[in-house]
Amino acid sequence: MMLRKMTTVCLPVLAAVLAALPALGAESGGSNDSAPVFEQPPAGTTDFTGKWAMSKPGGHLLTAEGGEPPLNAAGKAEYAKHQTAVKSGDHKVDPATSCLLHGIPRLLYAPYPFLILQTTRNLTFVHEVNHTFRIIYWHDKPPAPEDVDPTYLGAAAARIDGKTLIIDSVGFNDLTWLDYTGLPHGEKLTVQERYTLSDPHTIAGTVRITDPQYYSAPWTARFTLKRQPGMTLKESVCMDTHQM
Amino acid sequence: MRRPAWLIVACLALSIASLAQEGAPAPAQTGDPAARAAARDKRNAEDALTWNKNPAPKDPRDFSGVWWTRGYDRTFRPVSDTPMPPDASARLLPMTPLEAASRQHHLDMEKAGTPIADAPTQCFPHGIPRLMASPYPIEFVYAPGLITILHEVAHNVRFIHMDGKAVPADTARSFLGYSVGHWEGDTLVIVTDHFNDRTQIDEESLSHGLQLKVTERMTKFTNKYGGVEIRNLITIEDPEHFTKPWTAERLYPWRGDIQIAEYSCEENNRNAPVNGISVAK
């Protein structure tokens, strides 16, 4: 309870103080990092900006060949734990039930539309589900995992290779599920998303999962995104509406 | 939600420290005013250098990038030429009797140690203009027909519709309302309505109803230290709560030295419903 109070009462104030104390702010791991280096994609690259939605949201992630993900023994045990709990009606085992940020790739599979906003400065995903956003800068590779604090959405880098947008992410916490059925992951998770316009209204995508804690080998899932012309993102507030 | 006294004292101390950053009341009577002003000038010039490492866009209509208000002021007050403490400036508020009573109730409850929990304490979006006072960085992202403002605090997102279309007839009421923007010269004018009545105007005490309409006028300028800032003049109209429109101000300095961080309000929220039941008491 005390932590919650600190969050609601003191955090805004603390942030202001941290702004006044750059040395402290740098240690906080928050916004006060040293000046970032901004890179830009080459001029004339494919623009992925637009309103998008997953063609088959939710559900269970399979490999590109349609098989089960290569869970190792620890992964199988953890997955079984999640599935048993859900089947017995214990939905709080699902982090999304508590309105926590969905993590990657689950966020992409949420049954809500999202925006991709591509600029020379960065690449932003804005998801309708619980007004969640991801800001990704243009770099060849993400930071070293040991250099970042674990977060729900990870630390990502975006680049464009020919007609394909590639996002590499590291630095995840282990508080999210990979899919809606409870596929687990640990903090060593790395994710590579690839987006290719197969026609002006369709993105053919893949997401590659590498996590030695729970999987015996890296594996890749496929997805399709469809453009949503005329759609306006609505306000979705999980804490207000989510009643499992 | 009762707050222990030590916490309020600690936060007050932190608030004072953060306000001191604003420059206005310098640390307790040390040095003469000229020396304090010189120190403030020096710090502001150093800040501008650091914050301009990645420069702000030159186009006066391009706000793309990160901005971060200095310090934190938990009250909204009408802009006035004379600086004055919050209690004095509260007399400038054109409150209706309804709002005057409501405000007094907020102040009384806080004084009693049982403050009224407003939307952000439950991880709901802050509301407008409350969100625009938040002491966290914000980022503007431009796309055709749309300006998106990403707020670090509790991952709030504002969409400013710039496509010239009217508000859709079926627009639902929401915490952040529906925003339509246009340019008047180099000033971005944002009109927001369709609010619900579940947020406050400011953190301290001011309320609003369903008739709230907020007009923001945002202009980019270069200050005397070479730093770039957006000035936001925020006009609040709500005939139930205020006898006439009034205008408050917030400034957002350019911050080329930082990026927006992840912020999970929900992580520690004991109000999160589990199986439809709120566990917080």
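Residues numbered from 1 in each chain as written. Chains lettered and ligands numbered in written order. Predicted model: local features only at pLDDT ≥ 70, side-chain atom pairs only at ≥ 80, totals over all residues. Heavy atoms only, no water.

Some thoughts on unusual backbone geometry
The cut-off we apply is this: Note on conventions: DSSP H or I runs of at least 4 residues are helices, E runs of at least 2 residues are strands, and numbering of each starts at the N terminus. Throughout this description, buried means an accessible area under 20% of the type-specific maximum (1.4 Å probe, protein chains only), exposed means over 50%, and partly exposed covers the range between.
Omega for the peptide link from I104(A) to P105(A) comes to 10 degrees, which places this bond in the cis form. One can find P105(A) in the loop between α3 (73–87) and α4 (106–109). The residue after I128(B), namely P129(B), is reached through a cis peptide bond having omega 10 degrees. For H131(A), which is not a glycine, the phi torsion comes out positive at approximately 35 degrees. As for its position among the elements, H131(A) is in the loop between β3 (122–127) and β4 (132–138). The class of H131(A) is buried, set by a relative accessible area of 9%. One non-glycine residue with positive phi stands out, namely H155(B), at about 40 degrees. With respect to the element layout, H155(B) can be found in the loop between β3 (146–151) and β4 (157–161). For H155(B), a relative accessible area of 5% translates into the label buried.

Notes on the packing of aromatic side chains
Definition in use: A pair of Phe, Tyr and Trp rings is counted when the ring centres sit within 6.5 Å of each other, with Trp represented by its six-membered ring. The angle between the planes then sorts it: under 30 degrees is stacked, over 60 is edge-to-face, the rest tilted. Charge-over-ring contacts are defined here by two conditions on Lys NZ or Arg CZ: a distance within 6 Å of the ring centre and an angle within 35 degrees of the ring normal.
Inspection of the entire model under this criterion finds 11 aromatic pairs over all chains. An angle of 65 degrees between the planes, with centres 5.7 Å apart, marks the rings of Y195(A) and F223(A) as edge-to-face. One end of the pair, Y195(A), is in strand β7 (residues 190–199); the other, F223(A), is in strand β9 (residues 219–227), and 28 residues separate them in sequence. For the pair Y195(A) and F223(A), one class covers both residues: buried. Geometrically, the ring pair formed by F124(B) and F175(B) is tilted, given 5.2 Å between the ring centres and 40 degrees between the ring planes. On the criterion of sequence distance, the pair formed by F124(B) in the loop between α4 (97–111) and β2 (138–143) and F175(B) in the loop between β4 and β5 (178–184) is long-range, its members being 51 residues apart. Like F175(B), F124(B) is buried. Ring pairing ties together the aromatic residues Y109(A), F114(A), F125(A), Y195(A) and F223(A), which thus form one cluster. Directly above the ring of Y180(A) sits R106(A), whose terminal nitrogen or CZ lies 4.1 Å from the centroid.

Some thoughts on the side chain of S134(B)
The criterion, for reference: Here a residue-residue contact requires only that any non-hydrogen atoms of the pair lie within 4.5 Å.
As for its position among the elements, S134(B) is in the loop between α4 and β2. Ignoring sequence-local partners within four residues, the contact set of S134(B) consists of T69(B) and V153(B).

Here we look at the sheet that holds β3(B)
All names here are of chain B. Selection rule: By definition, two strands form a pair when at least two bridges between them are found by DSSP. An axis is simply a line fitted to the C-alpha atoms; with a helix, the fit covers only the stretch in contact. Between two such axes, the angle follows the N-to-C directions and lies from 0 to 180 degrees.
Taken in spatial order, the nine strands line up as β1-β2-β3-β4-β5-β6-β7-β8-β9 in an open sheet, and their pairing is mixed. Edge positions in the open sheet fall to β1 (65–67) and β9 (246–253), since each of these has one partner strand only. Pairs of neighbouring strands in the sheet enclose a mean axial angle of 25 degrees, with direction left out of account. In terms of strand pairing, β3 meets β4 through five bridges, oriented antiparallel. Note that in β4 the partner of I147 across the bridge is I160.

A word on the pairing of β7(A)
Regular strands have side chains that alternate between both faces of the sheet. All names here are of chain A. Summarising the sheet, strand β6 (residues 164–170) and β7 pair through six bridges and their orientation is antiparallel. In the strand pairing of β7, I167 is matched with E193. Where β7 hands over to strand β8 (residues 202–210), the hairpin turn is made up of two residues, counted between the paired strands.

A look at the nonpolar core
Short version of the rule: Definition used in this section: a nonpolar core is a set of buried Ala, Val, Leu, Ile, Met, Phe, Trp, Tyr and Cys residues joined via side-chain atoms within 4.5 Å.
Counting residues in hydrophobic clusters, the biggest one holds 46 residues, and the most contacted among them are W67(B), F140(B), M218(B) and W246(B). The set of elements that each furnish at least two residues to this core consists of α5 (238–241) of chain A together with β2, β3, β6 (187–193), β7 (213–222), β8 (228–237) and β9 of chain B. Among the elements that make up this core, the one with the highest residue count is β8(B) (four residues). Setting aside residues no more than four positions away along its own chain, W246(B) makes contact with F76(B), R77(B), P78(B), L93(B), P94(B), I201(B), L206(B), I234(B), T235(B) and I236(B). Membership of the second largest hydrophobic core comes to 41 residues, among which are F48(A), V129(A), I203(A) and A221(A).

Focus: the confidence of the model for chain A
The line we're drawing: Confidence of the predictor at the level of single residues is given by pLDDT, which spans 0 to 100.
On average, residues of chain A carry a pLDDT of 87, and 85% of them reach 70 or more. Low pLDDT, under 50, characterises residues 1–33 of chain A; the stretch is placed with 76 contacts to residues that sit more than four places away or in other chains.

Quick word on helix α2 (residues 33–51) of chain B
Residues and elements named next belong to chain B. The following threshold applies: Each residue after the first adds 1.5 Å to the expected span of a helix. Directions are taken from the helix axis to each C-beta atom, and the arc is the one they span. Throughout this description, a polar contact denotes any pair of N or O atoms lying within 3.5 Å of each other; where both atoms belong to protein, one of them has to be capable of donating a hydrogen while the other can accept it, and for residues adjacent in sequence the pair is counted only when both atoms sit in side chains.
The end-to-end C-alpha distance of α2 is 26 Å, a good match for the 27 Å that 19 residues give at a rise of 1.5 Å each. Listing the buried residues of α2 in full gives N44, D47, A48 and W51. The buried residues of α2 occupy an angular sector of 100 degrees when projected down its axis, which confines them to one face. Exposed and facing more than 90 degrees away from the buried side of α2 are A34, K42 and L49. Close packing links the buried residues of α2 with β9. Backbone nitrogen of A34 and a side-chain oxygen of the N-cap are separated by 3.1 Å at the start of α2; the cap is D32.

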